[in-house]
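# Observations on the three-dimensional arrangement
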Amino acid sequence: MSDQDDIILSELNDEELVEQMFDDLYDGLKEEIEEGVEILLERGWTPYRVLTEALVGGMTVVGRDFRDGILFVPEVLLAANAMKGGMAILKPLLAETGAPRVGKMVIGTVKGDIHDIGKNLVSMMMEGAGFEVVDLGINNAVEKYLEALETEKPDILGMSALLTTTMPYMKTVIDTMVEQGIRDDYIVLVGGAPLNEEFGRAIGADAYCRDAAVAVDTAKAFVARKHNQMNA
Amino acid sequence: MVRDMTNALSRLLETRDWLMADGATGTNLFNMGLSSGDAPEMWNVEHPEKIKALYAGAVDAGSDLFLTNSFGGNASRLKLHGAEGRVRELNRIAAELGREVADAAGRPVIVAGSVGPTGEIMAPMGSLTHELAVEMFHEQAEGLKEGGADVLWVETISAVEEYKAAAEAAKLAGMAWCGTMSFDTAGRTMMGITSADLAKVIDKLDHPPLAFGANCGVGAADLLRTVLGFAATGSQTPIIAKGNAGIPKYHDGHIHYDGTPSLMGDYAVLARDCGATIIGGCCGTTPEHLRAMKEALETRPRGDRPTLDEIASKLGGFSSASDGTDGDGPERRKSRRRG
């Protein structure tokens, strides 16, 4: 803390500034992140480069330490909040410059379940990684998911459940997708504290993601595979 | 701490050096036909005979204490089902049904009023204020008290703020309480709380719990590592162990936890050796598991405090190398501002 006032972001070169922004995201410092984003833009960085190299790069570090049990939900929420500050500046610019989109995801907590902490983290990290995310919120019945798949046409459907009493509902949704012949049109990712890999497979999901960082990696891998298949 | 001897659980704890709690609520209700996504609490009114059968399942298997079907019975959770106006009623009935079953047992059986988390993140990180959380828990506590619960049983909490709000609600309701957290993330709660942290928290509360501990989480082995963490603090408050019967698997359209009754028998005895006084199961723990646990607790001698290796060899390995209490965990990134 002692040298907190000694760091003047505008005096750092690009490389040092990005490194400092990694620190500031890690520490959840929103104003510092906003300032860093503005400085990089002023220096002629494209919005897409600021997003990927500074923000996504920084959130990758946060995600890795979350996965490894070094950071926990409060720290990640703070980091995500800081990232959101930077994103708010970049979003309109990204829309103008037509930056590439990695993919699109519809996500929601299943019926009967109110828990959205993990789901929100996934949303934020996915956005941070360049995905477009449509968040359906909590307590989603199967009809709600299907409607969103039809209107949003995402690459990925993400479902979350924190309770043993609600996790089987994911299977209800997947079974309905199978019945309607649309299961294979989407990548289905599931997550939540009581789940595990075997459970994810057994209910017919493409993958179980143990945390938000894993969700981002898994989503990227599946979307890349899907694109390769389409181009083959 | 001066123990309030007017309470049935305090009296039982004075005469016994271990008590067996119950097993699962949610997963056992599934086996009785509850649909995923529906509110278990509605069954207190719609299927009271099934709820009594759930309670009786634990009592008949030898439980000294069971939890009421009110885990999601706070306004925040019931709102999902349009039942936020029925908090008092659903909790009262959950406890009344429990009272009936406990009083017919022919031996002292404690009715513990289950109070689960609100599902919201508390301020300043989230939007739920301390005052509002206390109010919600208090409303639920009054219902459980009215229905005759002996104690409040706060469970599956992940944030210290929420644990404290529940403590305050118990005080407002004039009820004794017990409180457990769920240590499901690298040996800590989702919010990063270690076993040692929780032990410290309860020592500072002005309405401390009669017993504290861990429930749910990952598997039986992880839960016992957490109990060892509580015991290592030297806390004088009785410790609760309520672990899952293994991990969930999906078979033929329903969830099945892979821990056998014999494994849960081993778990129960190990839990006692680790320093737990109130021992039960959580998700996946059926009456059959409870019978095996009771028999093991009654017939096997106490042993020395087990090592982590001994726990792992009997119950399986741990979900993470460290639980944050041994100083061996991975470290935070150093940053220039923080130093």
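Residues numbered from 1 in each chain as written. Chains lettered and ligands numbered in written order. Predicted model: local features only at pLDDT ≥ 70, side-chain atom pairs only at ≥ 80, totals over all residues.

## A short note on the overall build of chain A
Each helix and strand counted, chain A has 9 helices and 5 strands in total. Sequence-ordered secondary structure for chain A, helices as α and strands as β, is α-α-α-α-β-α-β-α-β-α-β-α-β-α. For chain A, the C-alpha radius of gyration of 19 Å lies close to 17 Å, the compact-globule estimate for 232 residues. With respect to the principal axes defined by its C-alpha atoms, chain A has extents near 60 × 40 × 25 Å. In chain A, which comprises 232 residues, the proportion classed as buried is 50%. Intrachain contacts of chain A at a sequence separation of at least 6 include 74% that bridge at least 24 residues. (Helix = DSSP H or I, 4+ residues; strand = E, 2+ residues; numbered from the N terminus. Rg over C-alpha atoms; globule rule 2.2 N^0.38 Å. Buried ≥ 20, exposed ≤ 12 C-beta atoms within 10 Å, placed from the backbone. Contact = placed C-beta atoms within 7 Å.)

## Notes on the sheet that holds strand β3 (residues 110-115) of chain B
Residues and elements named next belong to chain B. A sheet is described by the order of its strands in space; here 8 strands give the open sequence β1-β10-β7-β6-β5-β4-β3-β2, paired in parallel fashion. This sheet does not close on itself; its edge strands, each paired only once, are β1 (19-20) and β2 (65-67). Relative to strand β5 (residues 177-181), strand β4 (residues 151-157) runs parallel, the two being bridged by 4 bridges. When the bridges of β5 are listed, I157 appears paired with M181. Sitting on the sheet, helix α6 (residues 87-103) is in contact with β2 and β3, with an inclination near 160° to β3. (Pairing = 2+ DSSP bridges. Axes fitted to C-alpha atoms, helices over the stretch in contact; angles between N-to-C directions.)

## Some points on the domain arrangement of chain A
Residues and elements named next belong to chain A. Structurally, chain A comprises domain 1 (8-100) and domain 2 (101-232). Across the boundary between the two partners, domain 1 contributes 15 residues, which contact 14 residues of domain 2. Elements supplying a minimum of two residues to the side of domain 1 that touches domain 2: α3 (47-67) and α4 (73-97). (Domains from an automatic or database assignment.)

## Looking at the confidence of the model for chain B
Confidence in the prediction for chain B averages 94 pLDDT; 98% of positions are at 70 or higher. Our summary of model confidence lists the complex with pTM equal to 0.89 and ipTM equal to 0.84. (pLDDT = per-residue confidence, 0-100.)

## A few points about the packing of helix α10 (residues 220-232) of chain B against helix α11 (residues 261-274) of chain B
Residue and element names in this part refer to chain B. In contact at an axis separation of 9 Å, α10 and α11 are set at 10° when each is read in the N-to-C sense. Relative to α11, α10 is oriented roughly parallel. Residues A220, L224, V227, L228 and A231 of α10 touch α11, and the partners they reach there are L263, Y267, L270, A271 and C274. For the contact of α10 with α11, a count of residues per class yields 10 nonpolar, no polar and no charged. (Parallel < 35°, antiparallel > 145°, perpendicular 65-115°, else oblique. Nonpolar A, V, L, I, M, F, W, Y, C, P; charged D, E, K, R; others polar.)

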